[in-house]
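Listed below are the residues making up each chain.
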Amino acid sequence: ETARTLNETNNNVKDITDNLKNVTNKLDSSAFWMVMADTTVANSLRAGIIDFGASMKDFRTSFLVKGLRRDKDRDKEKEKENDKDPAKGTETEEKKGIFH
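Here's what I pulled together on the structure shown here. Worth saying up front: this structure is predicted, and the values here are computed from it rather than measured.

### With respect to the overall build of the chain
If you tally the helices and strands in the chain, you get five helices and zero strands. Listing the helices and strands of the chain from first to last along the sequence gives α-α-α-α-α. Relative to its full complement of 100 residues, the chain shows a buried share of 3%. Carbon together with sulfur atoms contributes 58% to the accessible area of the chain, which is approximately 9300 Å² in total.

### Description of a negative patch on the surface
A cluster of acidic side chains, namely Asp 73, Asp 75, Glu 77, Glu 79 and Glu 81, defines a negative patch on the protein surface. Within the element layout of this structure, Glu 77 appears in helix α4 (residues 63-83).

### Topic: a nonpolar patch on the surface
A contiguous nonpolar surface patch, about 280 Å² in accessible area, is contributed by Val 23, Leu 27 and Trp 33. Summarising the element assignment, Trp 33 is placed in helix α2 (residues 31-37).

Conventions we followed
- Numbering of residues begins from 1 in every chain and follows the order in which that chain's sequence is written.
- Only residues with pLDDT of at least 70 are given local features in this predicted model, and only at 80 or more are side-chain atom pairs given and counted; all residues enter the totals for whole chains, interfaces and linings.
- Remark: hydrogens and water are excluded; side-chain values derive from all non-hydrogen atoms of the structure.
- Numbering of helices and strands starts at the N terminus; helices are DSSP runs of H or I of at least 4 residues and strands are runs of E of at least 2.
- Using a 1.4 Å probe on the protein chains alone, a residue whose accessible area is under 20% of its type maximum counts as buried, one over 50% counts as exposed, and one in between counts as partly exposed.
- Per-residue accessibility takes into account occlusion by the displayed protein chains alone, with areas from the Shrake-Rupley method and a 1.4 Å probe.
- Put simply, a patch holds well-exposed residues, over 30% relative accessible area, that have no salt bridge, with like charges counted together within 9 Å and Val, Leu, Ile, Met, Phe, Trp or Tyr side chains within 5 Å.
- By salt bridge we mean one thing: a side-chain nitrogen of Lys or Arg within 4 Å of a carboxyl oxygen of Asp or Glu.
- Counting rule for charge: Lys and Arg are taken as positive, Asp and Glu as negative, and neither His nor the chain ends is counted.
- The location of each charge is read from NZ of Lys, CZ of Arg, CG of Asp or CD of Glu.

Right, dumping it as structure tokens:
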């Protein structure tokens, strides 16, 4: 019984070791691994991400977006004005949900 269990365990260890060798060989020869190991590519990728972040920051402050924000703020102000009863300066009964 013990000899059979040891033999089975040895076979399992051999299979696991063989699989690990195959995976390691595939990783070593894969293009992905080569790209990841190449510091030039890694540095370029990092710089690209940083540049993208800076571009997005510039875009958020650009005149194009400011115009869109201004329009959106103007629409919000109109909504607030429409939600108030002009005579009392409070929400109308309809907006409070009484008539819905």
